[in-house]
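# An overview of the molecular structure
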Amino acid sequence: MSKSQKSLIALLAVLLLFFGFVVIRIGVAKPATTVKAAKIPAGEYDPAAWGQYYPLQYASYKKMAEESPSPTGYGGSVKVQKSEMQPEILMLFKGMPFSRDYSEDRGHVYALEDLRESKRIGPASKGACITCKTPYVEQAYKEMGWDYANKPLSEMMDKSKQPVACANCHDPATMNLRVINPAFIEAQARRGIDVTKASREDMRSYVCAQCHAEYYFAPGTNKVVFPWDKGLKPAEMYAYYSEKPNGFVQDWQHPDSKANMLKAQHPDYELFSTGTHGKAGVSCADCHMPYMRKDGQKYTSHWVTSPLKTLDASCSPCHNQGSAWLADRVKTIQDETFELQHMAGQNIVRAHAAIKAAAARPDVDESNLAQARELVRKAQWYWDLIAAENSMGFHNPSQALNTLGQANELAHQAIEIANRAAGVKLF
Ligand code: HEC
Ligand code: HEC
Ligand code: HEC
Ligand code: HEC
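Residues numbered from 1 in each chain as written. Chains lettered and ligands numbered in written order. Predicted model: local features only at pLDDT ≥ 70, side-chain atom pairs only at ≥ 80, totals over all residues. Heavy atoms only, no water.

### Looking at the overall build of the chain
As a reminder of what qualifies: Put simply, DSSP marks the helices as runs of H or I at least four residues long and the strands as runs of E at least two long, and each gets a number from the N terminus on. Each residue is placed in one exposure class: buried if its accessible area under a 1.4 Å probe, protein chains only, is under 20% of its type's maximum, exposed if it is over 50%, and partly exposed if it falls in between. In what follows, a contact means two residues having at least one pair of non-hydrogen atoms within 4.5 Å. In these tables, accessible area is a Shrake-Rupley quantity obtained with a 1.4 Å probe, and a residue counts as shielded only by the protein chains included in the view. Neither His nor the chain ends contribute to the count of charged residues, in which Lys and Arg are positive and Asp and Glu negative. Charged groups are reduced to one reference atom each: NZ for lysine, CZ for arginine, CG for aspartic acid, CD for glutamic acid.
Within the chain one finds 18 helices and 6 strands. Among the 427 residues that make up the chain, the fraction classed as buried is 47%. Long-range pairs, those at least 24 residues apart, make up 69% of the contacts in the chain between residues at least 6 apart in sequence. Summed over its atoms, the accessible surface of the chain is roughly 20900 Å², and 57% of this surface lies on carbon and sulfur atoms. Taking the 49 positively charged and 45 negatively charged side chains of the chain as two groups, their mean positions are separated by 5 Å.

### A look at the coordination of the iron atom of ligand 4
Our working definition: Atoms of type N, O and S within 2.8 Å of a metal are treated as its donors, and for Na, K and Ca the window is 3.2 Å; water is not considered, so some sites may appear to be missing partners. A four-donor site is classed as tetrahedral when every donor-metal-donor angle falls between 85 and 135 degrees; four donors are called square planar, and six octahedral, when trans pairs exceed 155 degrees and all remaining angles lie between 65 and 115, with any other arrangement labelled irregular.
Donor atoms from the polypeptide that bind the iron atom of ligand 4 are His-277 (NE2) and His-319 (NE2), placed at 1.9 to 2.0 Å. For the iron atom of ligand 4, the 6 donor atoms in the first shell make angles of 85 to 180° at the metal, a pattern classed as octahedral. Taken as a pair, His-277 in helix α13 (residues 276–279) and His-319 in the loop between α15 (311–315) and α16 (323–359) lie far apart in primary sequence, 42 residues in all. Residue classification places His-277 among the partly exposed positions, given a relative accessible area of 25%. With relative accessibility at 28%, the residue His-319 sits in the partly exposed group.

### Comments concerning the pairing of strand β6 (residues 297–300)
Within a regular strand, the side chains alternate between the two sheet faces. Let me state the cut-off plainly: Note: two strands are recorded as paired if DSSP finds a minimum of 2 bridges between them.
Bridging between strand β5 (residues 291–294) and β6 involves 4 bridges; their strand directions are antiparallel. Counterpart to Arg-293 in the pairing with β6 is Lys-298. Linking β5 to β6, which pair antiparallel, is a turn of 2 residues; within it Asp-295 sits at a positive phi near 45°.

### Focus: the packing of aromatic side chains
Just so we agree on the cut-off: Here a Phe, Tyr or Trp ring, Trp counted by its six-membered ring, pairs with any other such ring whose centre lies within 6.5 Å, and the pair is stacked when the planes are under 30 degrees apart, edge-to-face when over 60, and tilted otherwise. By definition here, charges over rings are those cases where NZ of Lys or CZ of Arg is within 6 Å of the ring centre and within 35 degrees of the ring normal.
In the structure shown here, the tally under the stated rule is 23 aromatic pairs. Look at Tyr-241 and Phe-248: their rings are 5.6 Å apart centre to centre, the planes differ by 50°, and that puts the pair in the tilted class. Note on Tyr-241: relative accessible area 2%, which makes it buried. Following the ring pairs from residue to residue traces out a cluster consisting of Phe-184, Tyr-206, Phe-226, Trp-228, Tyr-269 and Phe-272. The ring centre of Trp-303 lies 4.5 Å from the NZ or CZ of Lys-63, which sits over that ring.

### Details of the coordination of the iron atom of ligand 1
Of the protein atoms, only His-288 (NE2) and His-395 (NE2) coordinate the iron atom of ligand 1, at distances of 2.0 Å. For the iron atom of ligand 1, the 6 donor atoms are set out with angles of 88 to 179° between them, so the coordination reads as octahedral. Here the residue His-288 occupies a position in helix α14 (residues 284–288), and His-395 occupies one in the loop between α17 (366–388) and α18 (397–422), the gap between them amounting to 107 residues. Judged by its relative accessible area of 24%, His-288 falls in the partly exposed class.

### Quick word on the nonpolar core
Quick note on the threshold: Among buried residues, those of type Ala, Val, Leu, Ile, Met, Phe, Trp, Tyr and Cys that are joined through side-chain atoms within 4.5 Å constitute a nonpolar core.
With 83 residues, the main nonpolar core has Phe-93, Tyr-148, Phe-184, Phe-226, Trp-228, Trp-381 and Trp-383 as its most contacted residues. Element by element, the count of residues in this core is highest for α17, at 12 residues. Formed by 7 residues, the second largest nonpolar core is a distinct cluster that contains Tyr-45, Trp-50, Tyr-54 and Met-175.

### A look at the site of ligand 3
How we decide: Any residue with a non-hydrogen atom lying within 4 Å of a molecule or strand is treated as near it. Under this definition, polar contacts are N or O atom pairs within 3.5 Å; protein pairs additionally need one hydrogen-donor-capable and one acceptor-capable atom, and for neighbouring residues in sequence, both atoms have to be side-chain atoms. Ten residue types, Ala, Val, Leu, Ile, Met, Phe, Trp, Tyr, Cys and Pro, are classed as nonpolar, four, Asp, Glu, Lys and Arg, as charged, and the remainder, Gly among them, as polar.
Around ligand 3 there are 22 residues in total, and His-108, Asp-114, Cys-208, Cys-211 and His-212 lie nearest to it. Between ligand 3 and the protein, one listed contact pairs an oxygen atom with a backbone N or O atom of Arg-106 at 2.8 Å. Here an oxygen atom of ligand 3 sits 2.8 Å away from a polar atom, N or O, in the side chain of Thr-305. For the shell around ligand 3, the secondary-structure elements that each account for two or more residues are α5 (111–117) and α10 (200–209). Class assignment for the residues of the shell around ligand 3 results in 9 nonpolar, 9 polar and 4 charged.

### Considering the site of ligand 1
The immediate surroundings of ligand 1 are formed by 26 residues, with Ser-70, Cys-284, Cys-287, His-288 and His-395 found nearest. Within the backbone of Gly-76, an N or O atom sits 2.9 Å from an oxygen atom of ligand 1. One nitrogen or oxygen atom from the side chain of His-288 is found 2.8 Å from a nitrogen atom belonging to ligand 1. Secondary structure elements with two or more residues in the shell around ligand 1: α12 (268–273) and α14. Of the residues contributing to the shell around ligand 1, the split by class is 10 nonpolar, 13 polar and 3 charged.

### Quick word on the packing of α16 against α18
The criterion, for reference: Simply put, an axis is a line fit to the C-alpha atoms, just over the touching stretch for a helix, and the angle between two N-to-C directions goes from 0 to 180 degrees. When describing relative orientation, an angle under 35 degrees is termed roughly parallel and one over 145 degrees roughly antiparallel, while 65 to 115 degrees is termed roughly perpendicular and anything else oblique. Helix crossings fall into two classes, left-handed where the near helix is turned counterclockwise from the far one by less than a right angle and right-handed where it is turned clockwise.
The N-to-C vectors of α16 and α18 enclose an angle of 20°; their axes lie 8 Å apart at closest approach. As judged from the angle between their axes, α16 and α18 are roughly parallel. Classified by chirality, the crossing of α18 by α16 is left-handed. Residues of the contact of α16 with α18, tallied by class, amount to 19 nonpolar, 6 polar and 2 charged.

See the structure below:
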């Protein structure tokens, strides 16, 4: 063998070693979900039972019991009344349960406890409220169909032993992601989306969307319905509600303006999916359930909380601007959203008062009055979509500001038409 032949063989050996190693590395770095499934029996809802087989995920899940504020001052995992920062909430929800108790959300492990302690519920409350609080909803729906929604809440709560847990998002036998909220499955079907055929990427948001979305209770049955038939944007959902779907007219009537009002509920998925990240194919789990490593093992964090607490792990896989820049962007977006939200909320309070004052005048113009009521209903819907959304604008900054701008303008229009109804400038 000549010298050059020898070096060629040596080179080939090095290349073989190198590429062989690369092939092995790629083989090892499979998606994190290829864990060996422990075949947990169907109907096992206790996260501790699942945790025996998946200790890393369970340990991080339990961190949701931690209570700490968000570094930006918005959101956070501490139960504080939202009206502390926005006293206008007490007037906007006058005459309905959200004026009694409306606290900031905290970790999933508290979902049942916070429902039980909420001053918003009472003896007349219905089983529908468990839909987004517990995996027991799977069994309830299997046994009773939508009838569970009309049972007394206390009865359904006694049967719901566990708060949001593994079985809400995982098939116990295969550990594949799944959704069990029948309202979400039906809403997607009406939009032509079969959730059983969804991609893994979509499922990484759908598991959250099944609860973090706007809904209403159908009158009579209390069935939970998502208002998505016309689309997920504020105007599209408002148009849907304007057609009185399932006979649903209002959540309550505001006692001052006598306007038929809508209460928006945490439309996190709606805002996110029409925003920059949603459109770019980023999922809720990308930010809220980042990959972690322990003893060389890669796993998905199940500490579902503010991504600012895990900023590097949550954002750096896609962004190289550095955590200080990113944290500052989030804070700026939230400050700008809050300022406009606070302003719009206060103007809507004035609109309710203006309509009340106009209605008290004996010579009031009824048709203008009706128009002013429609305007304040719409204004508050636009305001509430952003106020009830949990990210203070971050999930979709431009839409948040646009929606609040509309709320502000609609509130001014309501005041103007109320003045016209009164025949004098009252406000
Ligand atoms: C691009 C990253 C990103 C994506 C994607 C994302 N979020 Fe967020 N989310 C954030 C940030 C940042 C905040 C603000 C956290 C704060 O204020 O501390 C937030 C806040 C929240 C909050 C409030 C947290 C608190 O402290 O009270 C909830 C709930 C939430 N997101 C749910 C979702 C859901 C559900 C989805 C998918 C439909 C989603 N997020 C998608 C980044 C993201
Ligand atoms: C709110 C939804 C949700 C809940 C509740 C939940 N998971 Fe997950 N889990 C996920 C998502 C999302 C992934 C990532 C799956 C993927 O990318 O394919 C995941 C992945 C996993 C994996 C695959 C390995 C990994 O780390 O990526 C295991 C195992 C797992 N979860 C166990 C659990 C256990 C045990 C519980 C209860 C203590 C639980 N999960 C609760 C959403 C959830
Ligand atoms: C079965 C319903 C359900 C599912 C599924 C669900 N959530 Fe939640 N989520 C809730 C409820 C209810 C709360 C409020 C709990 C409380 O305040 O007691 C909550 C609270 C949160 C919070 C606030 C936590 C904090 O520390 O303040 C975040 C963030 C969040 N969810 C994100 C997500 C994401 C991301 C997913 C999907 C990976 C998801 N949720 C799936 C029902 C759900
Ligand atoms: C899976 C990838 C991915 C993750 C994770 C991710 N982003 Fe993004 N982000 C994008 C893409 C793609 C865009 C749009 C294109 C661009 O600006 O690069 C974007 C845009 C942005 C923008 C500008 C647009 C806007 O909506 O204001 C900000 C700010 C931002 N991201 C912050 C964050 C923060 C903070 C986190 C972590 C909490 C995060 N991102 C996590 C992919 C991601």
